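Report on the structure
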2 protein chains.
Amino acid sequence: MVETTLAANIGSAARAMKTMGLSDLVLVKPKSVHTEEAYARASGAIDIMDNLKVVDSLSEAVSDCGFVMGSSARIRGLPWPLINPREAAEEAVLKGPDKPVALVFGRESSGLSNEELAQCHRHVHIPANPEYSSLNVASAIQILAYECRMAALGASAFEDKNEQREAPIADHESMEGFIQHLQQTLVDIQFLDPNNPKLLMTRLRRLYLRAELDQTEINILRGILKSTQKLKDG
Amino acid sequence: MVETTLAANIGSAARAMKTMGLSDLVLVKPKSVHTEEAYARASGAIDIMDNLKVVDSLSEAVSDCGFVMGSSARIRGLPWPLINPREAAEEAVLKGPDKPVALVFGRESSGLSNEELAQCHRHVHIPANPEYSSLNVASAIQILAYECRMAALGASAFEDKNEQREAPIADHESMEGFIQHLQQTLVDIQFLDPNNPKLLMTRLRRLYLRAELDQTEINILRGILKSTQKLKDG
């Protein structure tokens, strides 16, 4: 973070980083750092606050880095390789194992200078609302850190939704058994006229197929059907 | 935002939304709202602060919405369709043209209650650092809003899975009306013991939310419930 004015933003940035598994925060000529408000905003990221480094120039901050990306709100006069946060995160994950990768964020008021941006391999542009593109600096860090985590997790972040199921999806036979039971019950309660069924069963079949019922759910629904039929009989 | 304690977080959320092109902020029973600090944090998002709505319940907040997603840090006892922010944004962009889509965020201290989460079609989990997963609520909103913008900008890449629907997805109020009717009917036919409901209604709610019922389907299901109740009465 370059020449950050508000210590609160440094604390918020530390928290944003920690929630996404990042740890190394370097400040270039901050106005103030270890204030009470910064720690309050850092919340559970005290370790990042305690271990942050303060240096005198961007050059010094990124001296050990193999790849440097600078956050830029504006399209500059001199075109630079411009990428979005997702692309930046992919590059960071690709290049990270080799040498440290730096993400650089500028002043609250004016961002990074042209001279600082010229030290970056890439410029990262968050595709914000053109009518109001002024993100808080810690919010910008939250987005980039989030994208880095998503890229690092890779495919594993997209879990198979069926893994969260309690019971496996019902098989075809079980599903058909339920549909037959539903149909018989609807005839029993005189909701369905077997001589003029129209599209009713097709609509209900489509609905329940779309829901991808598991076996537990089929058992519940058939339990309801049984209770309904009993009511009719007795 | 449900029962937000700090007005500052409301202001930060407004700014996060505006930078990503979102505008409709609804607060459910906030502790305080239009404070000086909230406006300071909102920065250029004064219009969102001025136009926000304050309501008494989540149901009221999402009553006109066709699709509701709730932010959840924890994996709950009863598994629900769980997606990450990117998947959530894709769904929001797909479903947005039909009826409003709601993203719901909970209390700073404890998130959303199980009852509130049960009103959501999806639970959104930000894949945070398991060692410290406590994002600031406005930061979580920033990430979701950013993903919505990324999805909206790339929307043409995603095909509309809803194209084949005959009728638009039912709104929240209509869905709740059906769930209430279902519950009453199950009590009437003595399938549900109101003194010992266990997880039955939660499971059925999850099933029918997952099915994303349209209004025609709700009409059919309520027709079946009416016939069942009539049978019981006479």
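Counting from 1, residues in each chain are numbered in the order their sequence is written. Chain labels run from A onward and ligand labels from 1 onward, assigned in the order the entries are written. Given that the model is predicted, a residue must reach a pLDDT of at least 70 before its local features are reported, and side-chain atom pairs must reach 80 or more before they are shown or counted; all residues, however, enter totals for whole chains, interfaces and linings. Excluded from the side-chain calculation are hydrogens and water; included are all heavy atoms of the structure.

Describing the overall build of chain A
Just so we agree on the cut-off: By definition, any uninterrupted DSSP run of H or I lasting at least four residues is a helix, any uninterrupted run of E lasting at least two residues is a strand, and each is numbered from the N terminus. Between the two quantities, the radius of gyration covers C-alpha atoms and the globule rule is 2.2 Å times the number of residues to the power 0.38. Contacts: residue pairs with any heavy atoms within 4.5 Å of one another. Under the counting rule used here, the positive set is Lys and Arg, the negative set is Asp and Glu, and His together with the chain ends is not counted. Note on charges: their place is set at NZ of Lys, CZ of Arg, CG of Asp or CD of Glu.
Of the regular secondary structure elements, chain A holds 10 helices and 6 strands. By the compact-globule yardstick of 17 Å for 234 residues, chain A is too spread out, its C-alpha radius of gyration being 29 Å. Expressed along its principal axes, the backbone C-alpha trace of chain A runs to roughly 85 × 40 × 40 Å. Taking contacts inside chain A between residues at least 6 apart in sequence as the whole, the part at least 24 apart equals 79%. Of the charged side chains in chain A, 25 are positive and 31 negative, and the gap between their average positions amounts to 6 Å.

Digging into the state of the cysteines
For the record, the criterion: Note on terminology: pairs of cysteine sulfur atoms within 2.5 Å are recorded as disulfides.
Summed over all chains, the structure comprises 0 disulfides over all chains. Lacking any disulfide linkage, Cys148 of chain A is separated from the closest cysteine sulfur, that of Cys65 of chain A, by 13 Å.

As for unusual backbone geometry
Residue and element names in this part refer to chain B. For Gln190, which is not glycine, the phi dihedral falls at a positive 60 degrees. Note that Gln190 resides in the loop between helix H8 (172–188) and helix H9 (200–210). The backbone phi angle of Glu212 is positive, close to 50 degrees, even though this residue is not glycine. Topologically, Glu212 is positioned in the loop between H9 and helix H10 (215–233).

Let's talk about the confidence of the model for chain A
Residues and elements named next belong to chain A. Heads up, the rule is: The quantity called pLDDT is the predictor's confidence in a given residue, expressed from 0 to 100.
Within chain A, residue pLDDT values average 89, and 92% of them lie at 70 or more. Counting contacts from residues 155–163, a segment whose pLDDT is below 50, to residues more than four positions away or on other chains yields 11 contacts. The complex model carries a pTM of 0.82, and its ipTM stands at 0.80.

Overview of the domain arrangement of chain A
Quite often, the size of an interface is put as the accessible area lost when its parts meet. Our working definition: Note: domain ranges come from an automatic or database domain assignment.
Per the domain assignment, the segments making up chain A are domain 1 (7–157) and domain 2 (162–233). Here the C-alpha centre of domain 2 of chain A lies 54 Å away from the C-alpha centre of domain 1 of chain A.

Things to note about the sheet that holds strand S3 (residues 67–71) of chain A
Backbone-to-backbone hydrogen bonds pair the strands of a sheet. The strands run either parallel or antiparallel. Residue and element names in this part refer to chain A. As a reminder, the rule being used: Strand pairing follows a simple DSSP-based rule, namely that at least 2 bridges must link the two strands.
Strand order in this open sheet of 4 strands is S4-S6-S3-S5, and the pairing throughout is parallel. Two strands bound the open sheet, and with one partner strand each, they are strand S4 (82–83) and strand S5 (101–104). Here 4 bridges tie S3 to S5, and the two strands are oriented parallel to one another. Residue Gly70 lies in a different strand from S5, and its bridge partner there is Val104.

Examining the packing of aromatic side chains
What describes a pair of aromatic rings is the distance from one ring centre to the other and the angle between the planes of the rings. Our working rule: Stacked, edge-to-face and tilted labels apply to pairs of Phe, Tyr and Trp rings (six-membered ring for Trp) whose centres lie within 6.5 Å, assigned for plane angles under 30 degrees, over 60, and everything in between, in that order. Only protein chains enter the area calculation, which uses a 1.4 Å probe; residues under 20% of their type maximum are buried, those over 50% are exposed, and those in between are partly exposed. Either the NZ atom of lysine or the CZ atom of arginine qualifies as a charge over a ring when it sits within 6 Å of the ring centre and within 35 degrees of the ring normal.
One pass over the full model with this rule turns up 3 aromatic pairs over all chains. Each ring, one from Tyr208 of chain A and one from Tyr208 of chain B, has its centre 6.1 Å from the other, and the planes form 65 degrees; the classification is edge-to-face. In this pair, Tyr208 of chain A sits in helix H9 (residues 200–210) while Tyr208 of chain B sits in helix H9, so the two residues belong to two different chains. An angle of 85 degrees between the planes, with centres 5.1 Å apart, marks the rings of Phe178 of chain B and Tyr208 of chain B as edge-to-face. Of this pair, Phe178 of chain B sits in helix H8 while Tyr208 of chain B sits in helix H9; the two residues are 30 residues apart in sequence, bridging distant segments of the chain. One exposure class covers both Phe178 of chain B and Tyr208 of chain B, and it is buried. Three or more aromatic residues joined by ring pairs form one cluster here, namely Phe178 and Tyr208 of chain A together with Phe178 and Tyr208 of chain B. Its end group placed over the ring of Phe67 of chain B, Lys95 of chain B keeps NZ or CZ at 4.1 Å from the ring centre.

What to know about the environment of Asp64 of chain A
Residue and element names in this part refer to chain A. Summarising the element assignment, Asp64 is placed in the loop between helix H4 (58–61) and S3. Note: C-alpha distance between Asp64 and Val101 (37 residues apart in sequence) is 8.8 Å. Beyond its immediate sequence surroundings of up to four residues, Asp64 is in contact with Lys99 and Pro100.

A look at the sheet that holds strand S3 (residues 67–71) of chain B
Residues and elements named next belong to chain B. The strand order S4-S6-S3-S5 describes an open sheet built from 4 strands, whose pairing is parallel. What marks the edges here is a single partner per strand, and that holds for strand S4 (82–83) and strand S5 (101–104). Here S4 runs beside strand S6 (residues 122–124); their pairing, made up of 2 bridges, is parallel. Each residue of the ladder has a partner; that of Ile83, found in S6, is Val124.

Notes on helix H10 (residues 215–233) of chain A
Rules: To estimate the expected span of a helix, count its residues, drop one, and scale the result by 1.5 Å. Two N or O atoms count as a polar contact when they lie within 3.5 Å, although within protein this holds only if one can serve as hydrogen donor and the other as acceptor, and sequence-adjacent residues are included solely when both atoms are side-chain atoms.
Over its 19 residues, H10 of chain A extends 27 Å from the first C-alpha to the last, a length consistent with the 27 Å expected when each residue adds 1.5 Å. Summarising the contacts, the buried residues of H10 of chain A are in contact with helix H8 (172–188) and H9 of chain A together with H8, H9 and H10 of chain B. Sitting at the head of H10 of chain A, Asp214 of chain A places a side-chain oxygen 3.0 Å from the backbone nitrogen of Thr216 of chain A.

Focus on the pattern of salt bridges
Quick note on the threshold: Put simply, a salt bridge is a Lys or Arg side-chain nitrogen that is within 4 Å of an Asp or Glu carboxyl oxygen.
Enumeration according to the criterion identifies 23 salt bridges over all chains in this entry. In this structure, Arg122 of chain A engages Glu91 of chain A in a salt bridge whose closest nitrogen and oxygen atoms are separated by 2.6 Å. Within this pair, whereas Arg122 of chain A is found in strand S6 (residues 122–124), its partner Glu91 of chain A is found in helix H5 (residues 85–95), the two being separated by 31 residues in sequence. Of the residues examined, Glu91 of chain A reaches a relative accessible area of 15% and is grouped as buried. The closest approach of N and O atoms between Glu217 of chain A and Arg210 of chain B, which form a salt bridge, is 2.8 Å. On the criterion of chain membership, the pair formed by Glu217 of chain A in helix H10 and Arg210 of chain B in helix H9 is interchain, its members lying in two chains. One exposure class covers both Glu217 of chain A and Arg210 of chain B, and it is buried.

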